[in-house]
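Here's the letter readout for the chains.
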Amino acid sequence: MIWTIIIRPFILALACGAAAQSVANASDASWAECRIAPRRACVLREATKVAGTIDDPDLSAHKLGEIAKAQLKAGLFTEATTTIDLAVQAAKSIAKDSYRRDDAFEAITQAQAQAGTLADALKTAKSIENRHVQAAAFGAIAIAEGNAGRLDDALRRVQAIKDLPDRALIMRRVTWDLRASAVARGEDEKIVAALQTVLAVEQRYPPPIVMTGVHHPSEFIPALTIIAQAQARAGKVADAMRVARLVSRSLERAQTYAAIGVALARAGAIGSALEVARSIDDRWERGIVLGHILEPRLTPDLIADEATMPGSPVKVELPNKVQDFVAAFTDREQRATVLCLIAMTWANNGRLDEAIALAEPIDQDKPRAFAWHAIAKAQAKAGMATQSIASFDRAVQAALSFQPNDGLLSKIAVSQADAGQIDEALHVTRLIGGTMATAGYVAKVVSDGKLVSTDYDRRVALRAIAKAQARAGRTLDALLNASALRLGPDIMSPGLGVVAEGLAEAGRIAEAIDAASAEDNLYRRSELLASIAKARAEAGRVDQAKQVAQHVTWGPDQVEALASIGGAQAKAGLMADALASFAEAMQIAYAQPYKNTTADALVKIASRLSN
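Here we summarise the structure given alongside this text. Since the model is a prediction, treat every value here as computed from it, not as a measurement.

The next point concerns the nonpolar core. V43, L195, I260, L274, I342, L602 and I605 are the most contacted members of the largest nonpolar core, which has 155 residues in total. In terms of residue count, the dominant contributor to this core is helix α18 (residues 332–348) (10 residues). The contact partners of I260, leaving out residues within four places of it in the chain, are A228, A232, A240, M241, A244 and V276. A516, V542, A549 and A561 belong to the second-largest nonpolar core, a separate cluster that totals 32 residues.

As structure tokens, then:
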């Protein structure tokens with residue numbers, strides 16, 4: 001009996017060992033086949049295997065969660081579910097009462113919600129101890145429910161969050177993500193009602209006026225603006241305006257009207273945008289709207305691309321009966337802005353004579369500067385170099401007549417550089433003041449032991465000029481101007497690398513590689529060369545990309561370059577070459593000293609492969 005008790009575990013161990021060895025051999029064989037003929041599924045499977053062996057459970061859980069999301073994006077739902085299970089096991093190994101544990105569970109909840117396993121996601125979210133992190137996890141589940149067509153369940157999920165400020169914050173994020181689909185299904189009013197509860201909470205617990213750190217874009221705008229923007233982009237302007245009128249505070253109401261106008265203008269519907277402004281009775285609010293349409297602020301910039309997405313019902317339109325539009329605005333300053341906006345529209349659509357005719361009578365400095373800037377760019381694009389130089393000069397002279405003007409002068413210089421008018425652009429940079437009066441702000445940094453202005457607007461212009469000089473073969477001048485991008489610890493990306501980028505764009509690859517050596521930080525130099533190789537590959541110049549990739553030194557950057565090259569080769573039908581590039585990338589991925597970088601590299605390679 002004793003012999004049986006002892007020997008049976010021994011036999012079982014042998015059997016289990018043989019089974020494990022068999023599985024390992026099968027896995028190794030599968031990976032060997034994958035390296036010969038790589039596909040997204042098998043490379044991600046290998047990434048999962050690697051991430052599962054990372055010793056740090058926190059890092060392992062996060063990497064597995066990232067891989068699961070990549071698998072979901074590729075439509076590999078079964079494999080993603082398996083990867084998520086491994087991530088859960090890793091997260092459970094993290095010490096309790098730890099923010100790292102909660103953070104890992106939040107990431108896993110997001111992956112589970114995206115996978116559609118909402119019961120598992122809810123179970124994971126409930127295991128999170130930090131209430132703020134848990135609220136964010138519930139928000140991820142709500143977004144998944146809403147995307148599945150269950151908007152009522154999604155909104156109830158958020159309303160169940162007990163902490164009121166957390167509830168308001170998560171409701172902003174959830175409605176931001178679900179607003180477009182809600183508008184498409186005619187469920188706008190449900191979002192409106194949900195956002196009105198946010199207003200009620202924020203009246204009791206006002207959100208911070210000054211924000212630091214990383215924030216969701218929904219936090220930067222009035223609550224009801226979230227849905228009004230979506231309605232405007234969907235062409236439901238009357239509904240958007242009705243929502244705007246629900247906003248009680250004048251400034252927030254003006255910001256909501258402005259968001260509607262900007263969305264329409266960015267989609268090319270300038271006539272509709274001006275109709276929005278014209279419908280506003282309050283002069284001050286109307287001025288805010290016109291100002292934002294002329295010069296979009298940060299938040300409209302964040303959502304601008306969505307306004308012009310293919311399939312948007314908002315159509316490009318050119319205003320007819322211009323004089324009627326202008327006559328409707330009796331305020332002199334606002335009428336000048338309207339003339340400017342219509343002139344810019346004509347210029348952007350190549351109707352230069354009409355644009356010039358409208359720009360000539362503009363009697364306000366800022367609108368006049370914007371109008372002539374738009375005309376100058378259009379003339380340069382049309383090959384009208386002499387006229388363009390004159391128009392740029394008119395824009396500069398107008399810009400010098402008001403303050404703050406550094407931002408506009410910087411944009412004019414960038415446009416001149418892009419048009420090849422390099423010396424003219426350099427002249428404009430000397431007009432940028434960099435003071436509180438001319439810039440509207442002053443940011444400072446310690447350089448050589450002294451507190452100095454970052455001179456941001458001038459440096460932005462010099463970056464564009466340096467690239468233009470490099471494209472034109474003026475390499476020494478380019479390096480001189482690019483040196484301004486480094487100011488103590490403040491380096492405006494890509495620093496001196498902008499010269500190498502310009503040379504590469506001009507096809508002067510050997511010179512670009514030499515110029516990259518001006519970047520003395522080895523890691524930044526490697527990243528720069530990898531980005532150039534990637535850009536050349538995406539431009540279809542695989543030969544140039546391969547030439548640059550040979551000088552990339554850091555493993556992850558080498559993988560980035562080779563994967564980009566492999567993707568370009570596959571797209572061109574050069575399958576044998578593509579397989580060789582991917583094989584080399586995978587070899588480098590496995591040569592990395594850390595398992596997490598190997599897993600990252602494999603995910604990067606997989607993103608370039610087909611299923």
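Past the structure itself, the notes keep going.
Residues V445 and S447 point to one face of strand β1 (residues 444–447) and are all buried, whereas K444 and V446, pointing to the other face, are not buried. Examined bridge by bridge, β1 and strand β2 (residues 450–453) share 4 bridges and lie antiparallel to one another. For V446, the partnering residue across the bridge sits in β2 and is L451. With antiparallel pairing between neighbouring strands as the criterion, β1 and β2 make up a hairpin whose turn holds 2 residues, including D448 at a positive phi of roughly 55 degrees.

Let's shift gears to the side chain of H373. On the secondary structure map, H373 appears in helix α20 (residues 365–381). In this view, H373 contacts F392, A395, L408, K411, I412 and S415; residues no more than four positions away in its chain are not counted.

What follows deals with empty space enclosed by the protein. Throughout the structure, instances matching the rule amount to 2 cavities of 30 Å³ or more. For the lining of the largest cavity, the residue count by class is 6 nonpolar, 3 polar and 3 charged. If you trace the second largest cavity, you find it lined by T81, I84, D85, Q112, T117 and D120. For the lining of the second largest cavity, the class distribution of residues is 1 nonpolar, 3 polar and 2 charged.

On to the packing of helix α6 (residues 118–126) against helix α7 (residues 131–147), then. Running from N to C, α6 and α7 point in directions that differ by 170 degrees, and their axes come no closer than 9 Å. Of the possible angle classes, the one that applies to α6 and α7 is roughly antiparallel. For the pair formed by α6 and α7, the contact residues are L118, A121, L122, A125 and K126 on the first element and Q134, A137, F138, I141, A144 and E145 on the second. Of the residues that constitute the contact of α6 with α7, the class distribution is 8 nonpolar, 1 polar and 2 charged.

Criteria and thresholds
Residues numbered from 1 in each chain as written. Predicted model: local features only at pLDDT ≥ 70, side-chain atom pairs only at ≥ 80, totals over all residues. Heavy atoms only, no water. Core = buried A, V, L, I, M, F, W, Y, C linked by side-chain atoms within 4.5 Å. Buried < 20%, exposed > 50% of the residue type's maximum accessible area, 1.4 Å probe, protein only. Helix = DSSP H or I, 4+ residues; strand = E, 2+ residues; numbered from the N terminus. Contact = heavy atoms within 4.5 Å. Pairing = 2+ DSSP bridges. 1 Å grid on protein atoms, 1.4 Å probe; cavity = no way out; pocket = protein on both sides within 12 Å on 5 of 7 lines; lining within 4 Å. Points joined across faces, edges and corners; volume = space filled by probe spheres on them. Nonpolar A, V, L, I, M, F, W, Y, C, P; charged D, E, K, R; others polar. Axes fitted to C-alpha atoms, helices over the stretch in contact; angles between N-to-C directions. Parallel < 35°, antiparallel > 145°, perpendicular 65-115°, else oblique.

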